[in-house]
Amino acid sequence: MLRDLRFAFMPLTLVVSDTPITGEISQRVSVGSRSSYLCSIKYLILDESFEINDFEYDDYESFMEDENFVSHLICELEVRPTPFVFGKLDDLCLGVINDAGDILWSAEAGNLNGASSTSVTFNPESIEFEVDDNREHLSAQGNHNVSMREMNKIKIPHRGFLIKVYTYEEDKHEIPLNLDGESFDPSHLVIVDSYGELFNEEPELMGFYWKGQPLEIFGQGGAGAFVEYSFFSLEDGDACEIAR
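Since we're looking at a predicted model, the values are computed, not measured.

**Focus on the overall build of the chain**
Secondary structure summary: the chain contains three helices and 18 strands in total. Taken along the three principal axes of its C-alpha coordinates, the chain extends 70 × 35 × 30 Å. Relative to its 244 residues, the chain shows a buried fraction of 48%. Of the roughly 12300 Å² that the chain leaves accessible, carbon and sulfur atoms contribute 44%.

**Some thoughts on the sheet that holds strand β7 (residues 103-108)**
The four strands lie next to each other as β7-β6-β1-β13, forming an open sheet whose pairing is antiparallel. Edge positions in the sheet fall to β7 and β13 (177-179), since each of these pairs with one other strand and no more. On average, each strand axis in the sheet is inclined to that of its neighbour by 25 degrees, with strand direction left out of account. As judged from the five bridges shared by strand β6 (residues 93-98) and β7, these two strands associate in the antiparallel manner. Considered in β7, the bridge of isoleucine 97 is made with isoleucine 103.

**Overview of the pattern of salt bridges**
By the definition in use, this model includes seven salt bridges. Between lysine 42 and glutamate 76 there is a salt bridge, and its shortest N-O distance comes to 3.1 Å. Placement of the pair is lysine 42 in strand β2 (residues 37-46) and glutamate 76 in strand β3 (residues 73-80), with a sequence separation of 34 residues. Residue classification places lysine 42 among the buried positions, given a relative accessible area of 11%. For the salt bridge of aspartate 47 with arginine 135, the shortest nitrogen-to-oxygen distance reads 3.3 Å. One end of the pair, aspartate 47, is in the loop between β2 and α2 (67-72); the other, arginine 135, is in helix α3 (residues 135-140), with 88 residues separating them in the sequence. Judged by relative accessible area, which is 13%, aspartate 47 ranks as buried. Under the relative-accessibility criterion, arginine 135 is labelled partly exposed at 36%.

**Structural notes on the packing of aromatic side chains**
Scanning all chains against the criterion turns up 17 aromatic pairs. Their ring planes at 50 degrees and their centres at 5.0 Å tell us that phenylalanine 84 and phenylalanine 86 sit as a pair that is tilted. An aromatic cluster of at least three residues, connected via ring pairs, comprises Phe50, Phe55, Tyr57, Phe63, Phe69, Phe161, Tyr229 and Phe231. In this arrangement the basic side chain of arginine 149 is found over the ring face of tyrosine 209, its NZ or CZ atom lying 4.6 Å from the centre. A cation over an aromatic ring shows up here: lysine 164 above the ring of tyrosine 166, its NZ or CZ 5.7 Å from the ring centre.

**Things to note about the nonpolar core**
Within the largest apolar cluster, 30 residues are counted, with the highest numbers of intra-cluster contacts made by Tyr43, Ile45, Val79, Phe122, Met151 and Ile154. Mapped by element, the contributors of at least two residues to this core are β2, β3, β12 (159-170), β14 (189-195), β15 (203-210) and β17 (226-235). Looking at this core, the element that brings in the most residues is β2, giving five residues.

**Some words on the side chain of aspartate 171**
You can see aspartate 171 is positioned in the loop between β12 and β13. Although buried, aspartate 171 forms no salt bridge, and the nearest oppositely charged side chain, arginine 28, lies 7.6 Å from it. For aspartate 171, the side chain forms a polar contact with the main-chain nitrogen of glycine 221, separated by 3.1 Å. In this view, aspartate 171 contacts Ser36, Tyr37, Leu38, Phe84, Gly219, Gln220, Gly221 and Gly222; residues no more than four positions away in its chain are not counted.

**So, the pairing of β15**
Among the eight residues of β15, seven are classified as buried, and the element is accordingly described as predominantly covered. Of the pairings in the sheet, the one linking strand β5 (residues 87-88) to β15 comprises two bridges and is antiparallel in character. Paired with glycine 87 across the strands is leucine 205, a residue of β15. Where β14 meets β15, seven bridges bridge the pair, whose relative direction is antiparallel. Within β15, the position partnered with leucine 189 by the bridge is tryptophan 210. Relative to strand β16 (residues 213-214), β15 is paired through two bridges, and the arrangement is antiparallel. Each residue of the ladder has a partner; that of tyrosine 209, found in β16, is proline 214. Counted along the chain from β15 to the antiparallel partner β16, the turn is two residues long, and its residue lysine 211 has a positive phi close to 55 degrees.

Each value, and the rule that gives it
- Residues numbered from 1 in each chain as written.
- Predicted model: local features only at pLDDT ≥ 70, side-chain atom pairs only at ≥ 80, totals over all residues.
- Heavy atoms only, no water.
- Helix = DSSP H or I, 4+ residues; strand = E, 2+ residues; numbered from the N terminus.
- Buried < 20%, exposed > 50% of the residue type's maximum accessible area, 1.4 Å probe, protein only.
- Areas by Shrake-Rupley, 256 points an atom, 1.4 Å probe, with all protein chains shown as cover.
- Pairing = 2+ DSSP bridges.
- Axes fitted to C-alpha atoms, helices over the stretch in contact; angles between N-to-C directions.
- Salt bridge = Lys/Arg side-chain N within 4 Å of Asp/Glu carboxyl O.
- Phe/Tyr/Trp six-rings, centres within 6.5 Å; stacked < 30°, edge-to-face > 60°.
- Lys NZ or Arg CZ within 6 Å of the ring centre and 35° of its normal.
- Core = buried A, V, L, I, M, F, W, Y, C linked by side-chain atoms within 4.5 Å.
- Lys, Arg positive; Asp, Glu negative; His and termini not counted.
- Polar contact = N/O pair within 3.5 Å; in protein donor to acceptor, adjacent residues only side chain to side chain.
- Contact = heavy atoms within 4.5 Å.

Written out as structure tokens, the structure is:
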């Protein structure tokens with residue numbers, strides 16, 4: 001019993017891997033076909049007089065420096081914490097270990113053994129937005145990031161446009177992923193998954209919340225980022241993707 005108490009007060013590390021948990025802090029998703037990605041997702045909300053085809057949308061987002069574009073921009077919202085695609089849920093194992101290498105908890109990402117999960121969507125067509133035509137209220141959103149778990153709190157005008165800017169880069173997450181506290185209770189851990197919206201047609205592990213707070217995940221630095229743009233018209237609270 002004394003041995004267990006000693007382990008409980010050691011620093012805790014969350015491990016994510018595509019192989020069974022071994023107790024090694026350095027364990028992570030393997031390089032290869034199950035590559036992981038650091039992502040950035042943001043939404044540009046624009047007024048109804050905006051003309052999408054008046055601008056070029058490049059990897060450098062140079063259009064953001066155009067005064068004409070800025071005049072139509074109501075607000076810019078970025079999803080936080082930064083989503084990190086670890087891979088498909090069914091391919092991943094999770095574990096919590098202390099600095100002695102003792103495994104305090106382990107589970108398959110699709111079968112959480114006392115922890116819980118929440119699913120998020122980043123597709124504007126699937127988000128239930130709030131509608132607000134007060135431009136001051138809408139603009140004020142740009143002073144804050146939007147939580148992955150609160151996408152439905154984004155306010156949009158009755159009519160306007162939305163541009164989703166999705167940036168991704170093949171990367172490996174920095175380790176260790178530390179959990180604060182002196183003991184581990186799996187009921188305090190929530191995993192975030194997104195269903196088939198980014199790289200796979202199956203649920204993907206996107207991040208974590210620990211004791212109600214997001215766990216910030218950083219990349220080690222990849223080989224270069226790719227940017228994808230999606231365009232949507234806004235009508236009475238609904239977003240509909242449009243071709244450009």
